[in-house]
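Single-letter residue listing:
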Amino acid sequence: MFETGFALNRNADSNKVWNMQMRGAAAISKGKFARNSLNGIESNQGPYRLTGAENELFIIVLSGSEKVFIDGQLLTRGQDRDYIIDYNTAQIIFTPRRLITKDSRIVVEFQYSDKNYVRTMVHYNNEVYNNKLKLKFNLYSEQDSKNQPLFQDLDDDKRKVIANVGDSIQQAFIPGGDSVAFNRSEILYAKDTVTINGVLYSFFIYSTDSTKAFYRLSFSYVGVGNGNYTPQNSTANGKVYSFVAPVNGVLQGSYEPVILLITPKKQQLFTLGADYNLGTSTKIISEFALSNYDVNLFSNIDKANDKGIAVNTGIVNEWKLTAVDTGLKIISQLNVEHVNKNFKPVESYRTIEFVRDWNLPAAQILEDENILSAKTGIAKSNTKNISYGIKSFLKGDFYKGLLQSVAGNYEYKKFNLTYTGSYLTTSGSISKSNYVRSLGDFSKSFKKIVTGYKQENERNKIYNPQADTLLYNSFGYDAGTFYVKSNDSLKINFKTEVSRRYDHTVAQNDFALFSTGDIASADVSFAPMEGSIIELGTTYRNLQLKNNNIKPNEESLLNRATINFNF
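Before going into details, it helps to say that this report is about the structure given with it. (Residues numbered from 1 in each chain as written. Predicted model: local features only at pLDDT ≥ 70, side-chain atom pairs only at ≥ 80, totals over all residues. Heavy atoms only, no water.)

## A few points about the overall build of the protein chain
Phase 1: Across its full length, the protein chain carries two helices and 36 strands.
Phase 2: With the principal axes as the frame, the protein chain shows a C-alpha extent of 95 × 70 × 65 Å.
Phase 3: Scored against the burial criterion, the 567 residues of the protein chain give a buried share of 37%.
Phase 4: In the protein chain, 60% of the contacts between residues at least 6 apart in sequence involve partners at least 24 apart.
Phase 5: Seen as two clouds, the 64 positive and the 57 negative side-chain charges of the protein chain have centres 6 Å apart. (Helix = DSSP H or I, 4+ residues; strand = E, 2+ residues; numbered from the N terminus. Buried < 20%, exposed > 50% of the residue type's maximum accessible area, 1.4 Å probe, protein only. Contact = heavy atoms within 4.5 Å. Lys, Arg positive; Asp, Glu negative; His and termini not counted. Charge placed at Lys NZ, Arg CZ, Asp CG, Glu CD.)

## As for the nonpolar core
Nonpolar side chains in soluble globular proteins tend to end up buried together.
Phase 1: Leu 50, Ile 92, Phe 94, Val 108 and Phe 110 are the most contacted members of the largest nonpolar core, which totals 20 residues.
Phase 2: If you list the elements that add at least two residues to this core, you get strand 3 (31-39), strand 5 (67-70), strand 7 (83-86), strand 8 (91-94) and strand 9 (105-113).
Phase 3: Counting residues per element, this core draws most heavily on strand 9, which supplies four residues.
Phase 4: Phe 203, Phe 219, Tyr 241 and Tyr 255 belong to the second-largest nonpolar core, a separate cluster that totals 13 residues. (Core = buried A, V, L, I, M, F, W, Y, C linked by side-chain atoms within 4.5 Å.)

## Quick word on the sheet that holds strand 8
Phase 1: The sheet built from three strands is open, its strands ordered 4-8-7 with antiparallel pairing. Each edge of the sheet is formed by a strand with only one pairing partner; in this case those strands are strand 4 (48-49) and strand 7. (Pairing = 2+ DSSP bridges.)

## Overview of the pairing of strand 24 (residues 307-320)
Phase 1: Looking at chain direction, strand 23 (residues 282-294) and strand 24 are connected through eleven bridges and run antiparallel. Bridge pairing links Asn 292 to Lys 307 in strand 24.
Phase 2: Pairing of strand 24 with strand 25 (residues 329-339), which is carried by eleven bridges, proceeds in the antiparallel orientation. When the bridges of strand 25 are listed, Val 311 appears paired with His 338.

## Some remarks on unusual backbone geometry
Phase 1: Cis geometry is found at the peptide bond from Gly 46 to Pro 47, where omega equals 5°.
Phase 2: By secondary structure assignment, the location of Pro 47 is in the loop between strand 3 and strand 4.
Phase 3: Although it is not a glycine, Ser 43 sits at a positive phi angle of roughly 60°.
Phase 4: Note on placement: Ser 43 falls in the loop between strand 3 and strand 4.
Phase 5: Residue classification places Ser 43 among the partly exposed residues on the basis of a relative accessible area of 32%.
Phase 6: Of note, the phi angle at Ala 90 is positive, near 55°, even though the residue is not glycine.
Phase 7: Structurally, the position occupied by Ala 90 is in the loop between strand 7 and strand 8.
Phase 8: Relative accessible area serves as the criterion here: at 0%, Ala 90 is assigned to the buried category.

## Some remarks on the pairing of strand 5
Phase 1: Strand direction decides the pairing type here: strand 5 and strand 9, joined by four bridges, are antiparallel. By the bridge assignment for strand 9, Val 68 is matched with Val 108.
Phase 2: Note that strand 5 and strand 6 (residues 73-74) share two bridges and pair antiparallel. Each bridged residue has a counterpart across the sheet, and for Phe 69 the counterpart in strand 6 is Leu 74.
Phase 3: Once strand 5 ends, the chain turns through two residues before running back antiparallel as strand 6, passing Asp 71 with a positive phi of about 55°.

## Digging into the sheet that holds strand 5
Phase 1: The four strands lie next to each other as 3-9-5-6, forming an open sheet whose pairing is antiparallel. Strands at the two margins of the open sheet, each flanked by one partner only, are strand 3 and strand 6.

## Looking at the pattern of salt bridges
Where charged atoms from two side chains of opposite charge approach closely, those side chains can pair.
Phase 1: Applying the stated criterion across every chain yields a total of 29 salt bridges.
Phase 2: Close ionic contact of Arg 541 with Asp 103 constitutes a salt bridge, the shortest N to O distance being 4.0 Å. With Arg 541 in strand 35 (residues 533-545) and Asp 103 in the loop between strand 8 and strand 9, the pair connects residues that are 438 residues apart, well separated along the chain.
Phase 3: For Arg 541, a relative accessible area of 4% gives the class buried.
Phase 4: Asp 103 sits in the buried class, given a relative accessible area of 18%.
Phase 5: In the salt-bridge network here, residues are joined through shared partners; they are Glu 42, Lys 102, Asp 103, Arg 501, Asp 503 and Arg 541. (Salt bridge = Lys/Arg side-chain N within 4 Å of Asp/Glu carboxyl O.)

Everything listed here is a matter of coordinates, which is why it stays silent on function.
In structure tokens:
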């Protein structure tokens, strides 16, 4: 990678001076961005396998490129921290510091090796500013060299297959079988037929018969319900796939004896922004972005949706509440955002739990997005403030959401109270829901310890858009936690928590208690000498399922001990 920069400052002491900064970078790119959302498994710390952006099962994650979140919180990598990752097998294991339960929301963003073509990347940034105005320009371009494939041999016939599929790149398949002489050391297949409900099916079956096994096959994952084959357990030296007959014309497998041809791609992003200080208390922020994403450089089909735009404009205003400087001020914000359905960012710029916050459907629907948000509040400091916000989110005619939120923080002497709450209502042809959330934390600081109680409640009622019946993906829970921890100034740091969580699920068009989870944990760390540290921790969880005679209650215990000495 090559990177360079340049800065120009004519007169730093002048209020009218224009400053300029330029940066540029060029590289041979190795990675491709992907985001995985994983469901936690009760008492299972891992490994959890990552997949590629196009559901590739066997990938290599680029070292240090990952960001791992649980319940929206960014974790730290390390055996003595939150998780470890095997980059070669793309598997994550969580350490005993972080208990994984059925309620854990795991999100992983990462770059993985994608060397199907020689790929170049160029980035340029330019900023020009003074004390009033700041102009920003960015250009990013990443492109595969379609005439320099690395791991696939593209002859004219294969290029025609890619050119004819347009943007439907998941359909760029070629047959994955060759007729070969029998070889006992290979996994070979025989061809056979079967008649089911009057329909004749021709298929391949694994065989060691020297008079029949003449086919060497390559299988590709084509998605659940899109194939006729599934992996099977076998003593053969390699993976074996077996045919599964369709049921009423519906495919039952996920693999096919085909080879997916990888298309060369191009992604470009251009942004232009401006920040303007309107007086001493008002600031205007605006940014325009244009993307160009071509998923198939060999094809001239489906080019109308390659380009998309996004616009974001906002204003922030702060002014003193009184003429005398008491520190009290009113903060107001107004923001408007428009994202065209064809806009393609380089990486996701939304908050990590944006989909959950807005009750968006899991299936991605390409429609224009419009967000209007307003927020106002009174603040004296970081520990004394209160605010109210309202947001409107429109996604074509499919989704309409209105989110109201309140947040506050108040500290008096050694008491501290923080609170956040929100109420979301959605409507549209695919959505109808009410979502209420509340989180409060009340604590008291003493000379050496801090003790407190945290309460969290959620009720997410998701309805059938054509009726008032609750859908089974609705949920609710109530959780309370008592904690005691040491002040940061102590030589011996400790923290202990006791919590209980009630989970509710849908029953007879209403919520009913589903499970109760109790957690008790204790952690202590101290430094016996300079440069050394000893950490000990234990976590116990008891999950009790209500009205369930099939699956027993689950108990789990995690212990950890870390001792580091520097001599």
